[in-house]
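# Inside the fold
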Amino acid sequence: MSDLTLTPNIDGADDFYAELLATHDGLSREESDALNARLVLVLSNHIGDRTVLAQALAAATLKISA
Amino acid sequence: MNQVFETPMYPYVRQADQDAATTTRHQVIVVGAGPIGLAAAIDLAQQGIEVVVLDDNDRVSTGSRAICFAKRPLEILDRLGCSAAMVEKGVQWNKGKVFFDERQVYDFDLQEEDGHAFPAFVNLQQYYLEQFLVDRVRELQAEGAPIEIRGRNKVSAVGSHPDHVTIEIDTPEDSYNLHADWLIACDGATSPMRVMLGKDFVGRVFEDNFLIADVVMEADFPSERWFWFDPPFNKGQSALLHKQPDGVWRIDLQLGWGVDAETEKRPENVIPRLKEMLGDDVKFELEWVSIYTFQCRRMEQFRHERVIFAGDSAHQVSPFGARGANSGFQDTDNLCWKLKLVMDGNAPESLLDSYDSERILAADENILNSSRSTDFITPKSGMSRVLRDAVLDLSEKFEFARPLVNSGRLSVPCTYDGSSLNSADALNGPDRSRPGSPCPDAPLSDGFLLPKLAGKFTLLTIDADAPDVIEEDGITVTRLALSLKNDPTLALKDRYLGEATSGVYLIRPDQHVAARRPSFDDKLFRAAIRRATGKE
């Protein structure tokens, strides 16, 4: 069984963050919200593992600690 | 209260040039006696070049201004004879805290790598640095070096020609003209030289105001960098607290757009803000207050015939990351050895084109990093703020989010990848010392490595044979023979060899790697020397 990665895991974190912001460039708030929702679903499918997804859902609530 | 910036350091003195029958021609004129102009002048004078520094003022800068000096500039200023005083006077720090809203979300330790002569950062008021630089000029003068500073000499006109520069100078008494073989313009972000030459300076304007205050207080805050996102005492904005020598603290408060700078600067408006931040019981005194706005921009070219721009006159960044003054020292470090070779006829004038390409690469890197920090600190859209706040919320609980928190990516030197002066990498060595890299320091059994590489071309051999001296078309390269036997901490092996068992490095006078191979090869290294001096 695998665990959710909660240590730094993105090479070039600043480049990624800039790309994430750039993806939202020029969108209305509603369009941005929709984009984020699609992104969550795309990434969730990539992860696939239901245990990891459950851990991710819990982490996003900020109610657990690493 | 410190008064160093209220004393004239280079008062106006009438010069023979003002009464000369014909216009005097100097080798190099530097316009601007700020840190970058003084560093350029000292560097050139140490190489025997005659240099005159002109400044419209006669004293060091008012207020702390640039306060955070990084390792690489300290290494450069060491070669210029100023770092010991900076380290002795300055405040060293490597820890910091990040706050979001009312809570501390995490703290960090920069975890400096061991085995360097200089710390990652020293905090020091700009006026002290300028004082140390002026002291160094006086020392050079006492040794007979051809260097002078002329206070209250304001350049009022400039003429650029293919083989010289003409300028007109206003003084408190009269105006006079000078000619120069070369002119280095270090006259700051508002550069009158750039304006007089009608050169572009385009980039991105950030619609924000920051209040910057130097506060003298006897307080128990540790020597750390504290950064607040959206704190209760500056709602919706940011704040930064940083320690300087003499019990002076730098406080930066983001004010937003559409505020009146003159009103905000008044003590009756500043003091309540600071009280809210520091608490009612902390006693403090305001030393200096300023309001700044900023842009991220650069000139399209830094060299225009014989006028060369360096420091803020050539490129401007937001203050987050301390990439302004720190990059300026790397400009002059890159420029001065090239200019010396060109002036002596030992390299073609086109070598100076590499100053443009290498330092523009660096400026773009600094602009990119400081723009990203600014976008994180002051989100420009609703979604940008939502994502930023999500990163901060997550960073309190989860380590993974902390590298995404961006309150400034602190100044590191640029590696000149792709420079026309580099030869192809022929060593299976560490990435950090590939051609174009600034040489990392290393402790040897008889002192640190970098001072042994200062100011001249060096052939660094590690457990490899090579001639003691190579002469190639006017360039003298001297060998520094090292062995892992003199590498007590294995830093030399780790930073220069990696998996390789021997290495030969050609190192430029600015301590950047030009070429490296596992062993010496006369033909290939002679080609590398020609390439590093703009001859191939």
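Definitions and limits used
Residues numbered from 1 in each chain as written. Chains lettered and ligands numbered in written order. Predicted model: local features only at pLDDT ≥ 70, side-chain atom pairs only at ≥ 80, totals over all residues. Heavy atoms only, no water. Helix = DSSP H or I, 4+ residues; strand = E, 2+ residues; numbered from the N terminus. Rg over C-alpha atoms; globule rule 2.2 N^0.38 Å. Domains from an automatic or database assignment. Contact = heavy atoms within 4.5 Å. Buried area = accessible area lost by both parts, 1.4 Å probe. Salt bridge = Lys/Arg side-chain N within 4 Å of Asp/Glu carboxyl O. 1 Å grid on protein atoms, 1.4 Å probe; cavity = no way out; pocket = protein on both sides within 12 Å on 5 of 7 lines; lining within 4 Å. Points joined across faces, edges and corners; volume = space filled by probe spheres on them. Nonpolar A, V, L, I, M, F, W, Y, C, P; charged D, E, K, R; others polar. Pairing = 2+ DSSP bridges. Axes fitted to C-alpha atoms, helices over the stretch in contact; angles between N-to-C directions. Phe/Tyr/Trp six-rings, centres within 6.5 Å; stacked < 30°, edge-to-face > 60°. Lys NZ or Arg CZ within 6 Å of the ring centre and 35° of its normal. Core = buried A, V, L, I, M, F, W, Y, C linked by side-chain atoms within 4.5 Å. Buried < 20%, exposed > 50% of the residue type's maximum accessible area, 1.4 Å probe, protein only. Polar contact = N/O pair within 3.5 Å; in protein donor to acceptor, adjacent residues only side chain to side chain.

## Describing the overall build of chain A
Within chain A, the secondary structure is distributed over 3 helices and 0 strands. Listing each helix as α and each strand as β along chain A from the N terminus yields α-α-α. Over its C-alpha atoms chain A spans a radius of gyration of 14 Å, topping by over 25% the 11 Å that the globule rule assigns to 66 residues. Each principal axis of the C-alpha atoms in chain A carries an extent, and together these give about 40 × 25 × 25 Å.

## Digging into the domain arrangement of chain B
All names here are of chain B. Parsing chain B into structural domains produces domain 1 (4–92 + 120–201 + 297–366) and domain 2 (431–532). Each of domain 1 and domain 2 has a C-alpha centre, and these two points are 29 Å apart. At the interface, 12 residues of domain 1 touch 15 residues of domain 2. Carbon and sulfur atoms make up 53% of the area that domain 1 and domain 2 hide from each other, which totals about 990 Å². Joining domain 1 to domain 2, the criterion identifies 1 salt bridge.

## Notes on empty space enclosed by the protein
Residue and element names in this part refer to chain B. Summed over all chains, the structure comprises 2 cavities of 30 Å³ or more. For the largest cavity, the calculated volume is near 40 Å³. The wall of the largest cavity is formed by Arg-72, Gln-330, Asp-333, Asn-334, Arg-359, Pro-413, Tyr-416, Asp-510 and His-512. Examining the composition of the lining of the largest cavity, we find that 3 residues originate from one element, helix H8 (residues 325–343), more than from any other. Across the lining of the largest cavity, the residue classes tally to 2 nonpolar, 3 polar and 4 charged.

## Focus: the sheet that holds strand S26 (residues 513–517) of chain B
Residue and element names in this part refer to chain B. Taken in spatial order, the 5 strands of this open sheet run S23-S24-S22-S25-S26, and their pairing is mixed. A single partner strand is all that each edge strand has here, and the edge strands are strand S23 (469–472) and S26. Averaged over all pairs of adjacent strands, the angle between strand axes in this sheet comes to 20°, irrespective of strand direction. The pairing of strand S22 (residues 458–462) with strand S25 (residues 503–507) spans 5 bridges and is classified as antiparallel. The partner of Leu-460 across the bridge, within S25, is Tyr-505.

## Regarding the sheet that holds strand S15 (residues 248–256) of chain B
Backbone-to-backbone hydrogen bonds pair the strands of a sheet. The strands run either parallel or antiparallel. All names here are of chain B. Spatially, the 8 strands line up as an open sheet ordered S6-S5-S13-S14-S15-S12-S16-S19, and their pairing is mixed. Edge strands, defined here as strands with exactly one partner in the open sheet, are strand S6 (103–109) and strand S19 (315–316). On top of the sheet, helix H7 (residues 267–278) reaches strand S12 (202–217), strand S13 (224–229), strand S14 (238–244), S15 and strand S16 (284–298); it is set at about 95° to S16, its chief contact.

## Structural notes on the packing of aromatic side chains
Residue and element names in this part refer to chain B. With the rule as written, the count across this model stands at 22 aromatic pairs over all chains. Pairwise contacts between aromatic rings join Phe-206, Phe-210, Tyr-292, Phe-294 and Phe-320 into one cluster. Arg-194 extends its terminal NZ or CZ atom over the ring of Phe-201, reaching a point 3.6 Å from the ring centre. One cation-aromatic arrangement involves Arg-306 over Trp-182; the distance from NZ or CZ to the ring centre is 4.2 Å.

## A closer look at the nonpolar core
Residue and element names in this part refer to chain B. Ranked by size, the top nonpolar core spans 97 residues in total, and within it Ile-167, Ile-184 and Leu-506 carry the most contacts. Split by domain, the residues of this core number at least three in each of domain 1 (4–92 + 120–201 + 297–366) and domain 2 (431–532). With sequence-adjacent residues up to four places away left out, Ile-184 is seen in contact with Val-28, Ile-29, Val-30, Val-31, Ala-40, Leu-44, Ile-308, Ala-310, Leu-335 and Leu-339. Counting 29 residues, the second largest nonpolar core, distinct from the first, contains Phe-320, Phe-376, Leu-387 and Val-391.

## Thoughts on the side chain of Ser238(B)
For Ser238(B), the location among the structural elements is in strand S14. What Ser238(B) contacts, discounting residues up to four positions off in sequence, is Phe210(B), Phe227(B), Trp228(B), Asp230(B), Pro231(B), Asp252(B), Leu253(B), Gln254(B) and Ile377(B).

## Some thoughts on the interface of chain A and chain B
On the side of chain B, 20 residues touch chain A, which itself brings 21 residues to the contact. At the boundary of chain A with chain B, total buried surface from both sides reaches about 1800 Å², with 67% on carbon and sulfur atoms. When the buried surface of chain A facing chain B is broken down by residue, Asp14(A), Tyr17(A) and Leu62(A) rank first, second and third, together holding 34% of it. Counting across the chain A and chain B interface gives 2 salt bridges. Arg372(B) is the salt-bridge partner of Asp15(A), the closest N and O atoms lying 2.8 Å from each other. Applying the counting rule to chain A against chain B returns 5 residue pairs in polar contact (both at pLDDT 80 or more). Where the side of chain A that touches chain B is concerned, the elements lending two or more residues are helix H1 (13–24) and helix H2 (29–47) of chain A.

## Description of the side chain of Ser502(B)
All names here are of chain B. As for its placement among the helices and strands, Ser-502 is situated in the loop between helix H11 (491–497) and S25. A distance of 2.7 Å separates a polar side-chain atom of Ser-502 from the backbone oxygen of Pro-518. Beyond its immediate sequence surroundings of up to four residues, Ser-502 is in contact with Leu-427, Ile-462, Asp-463, Ala-464, Leu-497 and Pro-518.

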